Amino acid sequence: MSYIQSIAGPDEMFIRGSGAWLEDRAGHRFLDGRSGIANMVLGYSRRDIADAMHEQACELPFVCTLRYDRPAAVTVSYAEALVAIAPAELTAVRFTHTGSSAVESAVLMARLYQRNRGNRRKLLTVGLLGSYHGSTLTTMAAGGQPSLHQLFGPMPEGFTHLPEPAAGDAGAEDTLRRLTELDPRTIAALLVEPVKALDGTALPAEWLRQVRQFCTEHDIVLIYDEVFSGVGRMGPMFATEISGVVPDIMCLSKALTAGYAPLGAVLASDKVYDAFNLRGRFYFAHGSSTDAHPIACAAGLATLRAFESENVLPAGTRTGDQIRAQLASRLDGHPWVAEIRALGAYVAIAPAQADHVTARMAMLRHIQAQCERRGVLIDYTPEILMLVPPLTLPADDASLLASTVADVITDFRPEDVDPSALRPPSLSGRR
Ligand SMILES: Cc1ncc(COP(=O)(O)O)c(C=O)c1O
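Note that the structure is predicted; figures quoted are calculated from it, not measured.

## Notes on the sheet that holds strand β16 (residues 379-380)
- In space, the four strands of this open sheet follow the order β13-β14-β17-β16, with antiparallel pairing throughout. This sheet does not close on itself; its edge strands, each paired only once, are β13 (337-343) and β16.
- Across six bridges, β13 lies against strand β14 (residues 346-351) in antiparallel orientation. Across the sheet, the residue bridging to Ala342 is Val347, located in β14.
- In the packing of helix α13 (residues 312-331) onto the sheet, the strands contacted are β13, β14 and β17 (385-387), and the crossing angle to β13 comes to about 165°.
- Its contacts with the sheet place helix α15 (residues 395-411) against β13, β14 and β17, and it is angled at close to 165° to β17.

What follows is the structure in structure tokens.
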């Protein structure tokens, strides 16, 4: 916070939000084309969600679910509501408090599943290079980001990574060969993002089908990390629906509560759940104090109600399509732009230049900062510019978002980028 305060003065702190707009203390308004961090899927200042949280806070702000004693009624209602919309195979829910804790919980669940079934050698979790699974030591180890392993290493044992399938790969031959070489008798779980958070690309359906079959044959728990892709971002409610290939465990967070409260969820199949039936008791001895927080569950229920009553899923796809089409009409053929693609309400702009990741990051950060100067917030990853606005973004806001980003890219001059600028650009001088 000290560093943030050194670059953002008191007037530059956000003090309120409404719809897709944020306002700082100086009165400047910013169109939030990144939905907070891809979690504010319904925008700011929603009375329905705030009221549901307020009522829950007044009625019953908290009870502990860790001891398997009596949960809050709202937690059970929310679990039932999630199971009702999830793929039919996923019937059990465990709540956590963040995306990282959901993925970590899933990894531990897979290990204990194997142990409870007597598969004592099955200890390894296999992930894909390039994936991101969270900020805890376990989820960093599970993620395929070598830079994080170097920065925060040594990483715990029990994790390894395979190359992600190349774009256009029809099958999973290479992946299955590598899994066989690792020895399936030692593999507890395979953890993948059905759509990758960092670039918005979906794993090929045929690859997933073949991997699913391999996992079933070798009793490997297939885990989907849908922390980013779940709850409508990619078009359907869950990215699982894109391929139709259902995992054994699915992790959710971010948009579960439309960003109004921290919450994570791990949904599991009967097969996984049944492995925890020890002497008639279902027992997974793991959790944190604030897991399944009733106020967050109330926000989650209100979010699901809004998704249904406001037809949010088609609105999200319309928003993404509109932004992509408008960007393409301005930027197709532009020398800086390799590709503009949209999946649901995730729009990615891939740059054509700067093969080296450091130079590319400096360029993407520069463009992001220029957008912010013009009052539009977007995000970037090591690969792309990322536009992940609220799914309910009104058409005129979507138009403003697309035209501002197109203006900035049109005005972009590579010589303006300071490749040594490791610090985020100063906020001063904006607008
Ligand atoms: C795919 C994926 N998994 C896990 C996480 C971690 O979630 P959290 O930041 O809530 O811990 C993220 C966060 O961006 C994510 O995108």
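## Considerations on the pattern of salt bridges
- Inspection of the entire model under this criterion finds 21 salt bridges.
- Residue Arg16 pairs with Glu23 through a salt bridge whose shortest N-O separation is 3.3 Å.
- Accessibility expressed as a relative area gives 21% for Glu23, which makes it partly exposed.
- One salt bridge connects Lys196 with Glu164, and the closest N-O pair in it is separated by 3.1 Å.

## Brief notes about the side chain of His334
- Position of His334 among the secondary structure elements: in the loop between α13 and β13.
- A distance of 3.0 Å separates a polar side-chain atom of His334 from the backbone nitrogen of Trp336.
- Setting aside residues up to four positions removed in sequence, His334 forms contacts with Ile409 and Thr410.

## A short note on the pairing of strand β2 (residues 21-24)
- With four bridges connecting them, strand β1 (residues 14-18) and β2 associate as antiparallel partners. Of the residues in β2, the one forming a bridge with Ser18 is Trp21.
- As paired elements, β2 and strand β3 (residues 29-32) share three bridges and run antiparallel to each other. Across the sheet, the residue bridging to Trp21 is Leu31, located in β3.
- Between the antiparallel neighbours β2 and β3 lie four residues, among them Gly27 with a positive phi of about 95°.

## Looking at the side chain of Ser269
- Inspection of the secondary structure assignment puts Ser269 in strand β10 (residues 264-269).
- Exposure remark for Ser269: the relative accessible area of 8% places this residue in the buried category.

## Quick look at the site of the ligand
- Every residue close to the ligand is listed here: Thr98, Gly99, Ser100, Tyr132, His133, Gly134, Glu193, Ala197, Asp225, Val227, Phe228 and Lys254.
- At 2.6 Å from a nitrogen atom of the ligand is found a side-chain nitrogen or oxygen belonging to Asp225.
- A distance of 3.1 Å separates an oxygen atom of the ligand from a polar atom in the side chain of Lys254.
- Split into classes, the residues belonging to the shell around the ligand amount to four nonpolar, five polar and three charged.

## Section: the sheet that holds strand β9 (residues 249-252)
- The sheet built from seven strands is open, its strands ordered β4-β10-β9-β8-β7-β5-β6 with mixed pairing. Looking at which strands have only one partner, the edges of the open sheet turn out to be β4 (90-96) and β6 (159-162). On average, adjacent strands in this sheet sit at an angle of 25° to one another, irrespective of strand direction.
- Relative to strand β7 (residues 187-192), strand β5 (residues 124-128) runs parallel, the two sharing three bridges. Paired with Thr125 across the bridge in β7 is Ala189.
- Contacting β4 and β10, helix α4 (residues 73-85) crosses the sheet at an angle of about 135° to β4.

## As for unusual backbone geometry
- Note the cis peptide between Gly153 and Pro154, where omega equals 5°.
- Position of Pro154 relative to the elements: it lies in the loop between α7 (146-152) and β6.
- Of note in the backbone geometry, Ser35 takes a positive phi value of approximately 50° without being a glycine.
- Inspection of the secondary structure puts Ser35 in helix α2 (residues 35-38).

## Brief notes about the nonpolar core
- The biggest cluster of nonpolar side chains holds 46 residues, and the ones touching the most others in it are Tyr78 and Phe95.
- Looking at this core, the elements that each hand over two or more residues are α3 (47-59), α4, β4, β9, β10 and α12 (294-309).
- Here this core gets ten residues from one element, more than from any other, and that element is α12.
- Counting residues in each nonpolar core, the second largest holds 31 residues, with Val337, Leu401, Val405 and Ile409 among its members.

## Some points on the packing of helix α8 (residues 173-182) against helix α9 (residues 205-217)
- Closest axis-to-axis distance for the α8/α9 pair is 9 Å, and the angle between their directions is 25°. Viewed along their axes, α8 and α9 adopt a mutual orientation that is roughly parallel. The hand of the α8/α9 crossing is right-handed. In this structure, α8 contributes Glu173, Thr175, Leu176, Leu179 and Thr180 to the contact, and α9 contributes Trp207, Gln210, Val211 and Phe214.

## Observations concerning α9
- Taking 1.5 Å per residue as the helical rise, α9 with its 13 residues ought to reach 18 Å, and the 18 Å between its terminal C-alpha atoms agrees with that figure.
- Within α9, the full set of buried residues consists of Trp207, Leu208, Val211, Arg212, Phe214 and Cys215. Buried residues of α9 fall within an arc of 165° about the axis and therefore sit on the same side.
- Those residues of α9 hidden inside the fold are in contact with β5, α8, β7, β8 (221-225) and α10 (240-243).
- Positioned one or two residues after α9, Asp219 has a phi angle of 50°, which is positive.

Conventions we followed
- Residues numbered from 1 in each chain as written.
- Predicted model: local features only at pLDDT ≥ 70, side-chain atom pairs only at ≥ 80, totals over all residues.
- Heavy atoms only, no water.
- Pairing = 2+ DSSP bridges.
- Helix = DSSP H or I, 4+ residues; strand = E, 2+ residues; numbered from the N terminus.
- Contact = heavy atoms within 4.5 Å.
- Axes fitted to C-alpha atoms, helices over the stretch in contact; angles between N-to-C directions.
- Salt bridge = Lys/Arg side-chain N within 4 Å of Asp/Glu carboxyl O.
- Buried < 20%, exposed > 50% of the residue type's maximum accessible area, 1.4 Å probe, protein only.
- Polar contact = N/O pair within 3.5 Å; in protein donor to acceptor, adjacent residues only side chain to side chain.
- Near = heavy atom within 4 Å.
- Nonpolar A, V, L, I, M, F, W, Y, C, P; charged D, E, K, R; others polar.
- Core = buried A, V, L, I, M, F, W, Y, C linked by side-chain atoms within 4.5 Å.
- Parallel < 35°, antiparallel > 145°, perpendicular 65-115°, else oblique.
- Left-handed = near helix turned anticlockwise from the far one by under 90°.
- Expected span 1.5 Å × (residues − 1).
- Arc of directions from axis to C-beta.

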